[in-house]
Amino acid sequence: MLEKTSEMLKAEAEVDELTQLGNRRTLDRELQRTVEAGRKFVLYLIDVDEFKHINDNYGHLDGDAVLREIGRRLGTLKNRTIMPYRYGGDEFAVMYFYSEQQETMGSTILHLFDAPVHRENYDIPISASVGSSVFTIDAESRDDLIAKADEALYAVKENGRKNYRSYQSLSK
């Protein structure tokens, strides 16, 4: 019984209840561990476009349904080389351990938002903005990696949303 309770508490501490993805705490731990190991990877930051509009027009229950569905869609990518997380609010993150295919994975993530979220009597259209940076190429620390992925993400948001940019592409 004590072992089962311990497992439940660990899951609650590491998994976002709404999306069933790893939570911010787990992401921060994995980012730090991977950076300390010097392992090359890509960090994608994902922001659901106009999420406030979804909550305002459809209600918070439908907003939660959208976040759950996004968690489900991102969860379909999860394997040994792709780890999705809920970063917080309407933001998500993905750690990807094959940076040679950075642009392809960015597009793959973006396309997860092509289909609307189906509700009983209507559909809720969704889209996302995605930015990325590569550890050891763009950044040498966890904080710098996050800042540069965030910079790429905001470049997308400033240029109409619903797109993907890598940090490397900002200098082109």
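Shown above is the structure to which this text applies.
Since we're looking at a predicted model, the values are computed, not measured.

Let's shift gears to the overall build of the chain. The helix and strand tally for the chain stands at six helices and seven strands. What you see in the chain, going N to C, is helices and strands ordered as α-α-β-α-α-β-β-α-β-β-β-α-β. Its C-alpha radius of gyration of 16 Å places the chain within 12% of the 16 Å reference for a compact globule of 172 residues. Taken along its principal axes, the extent of the C-alpha atoms in the chain is 50 × 45 × 20 Å.

Our next topic: the pattern of salt bridges. Scanning the entire structure with this criterion turns up 14 salt bridges. The residue D56 makes a salt bridge to K52 at a minimum N-O spacing of 2.7 Å. Of this pair, D56 and K52 both sit in helix α3 (residues 51-58), four residues apart, which is roughly one turn of that helix. You'll find D56 and K52 in the same group, each marked exposed. Here K148 and D144 are joined by a salt bridge, their closest N and O atoms 3.2 Å apart. Residue K148 and its partner D144 are located together in helix α6 (residues 142-158), separated by four residues, close to a single helical turn. By relative accessible area, which is 17% here, K148 ends up buried. When salt bridges with common partners are traced through the structure, they connect E14, R29, E30 and R33 into a single cluster.

The rules behind the values
Residues numbered from 1 in each chain as written. Predicted model: local features only at pLDDT ≥ 70, side-chain atom pairs only at ≥ 80, totals over all residues. Heavy atoms only, no water. Helix = DSSP H or I, 4+ residues; strand = E, 2+ residues; numbered from the N terminus. Rg over C-alpha atoms; globule rule 2.2 N^0.38 Å. Salt bridge = Lys/Arg side-chain N within 4 Å of Asp/Glu carboxyl O. Buried < 20%, exposed > 50% of the residue type's maximum accessible area, 1.4 Å probe, protein only.

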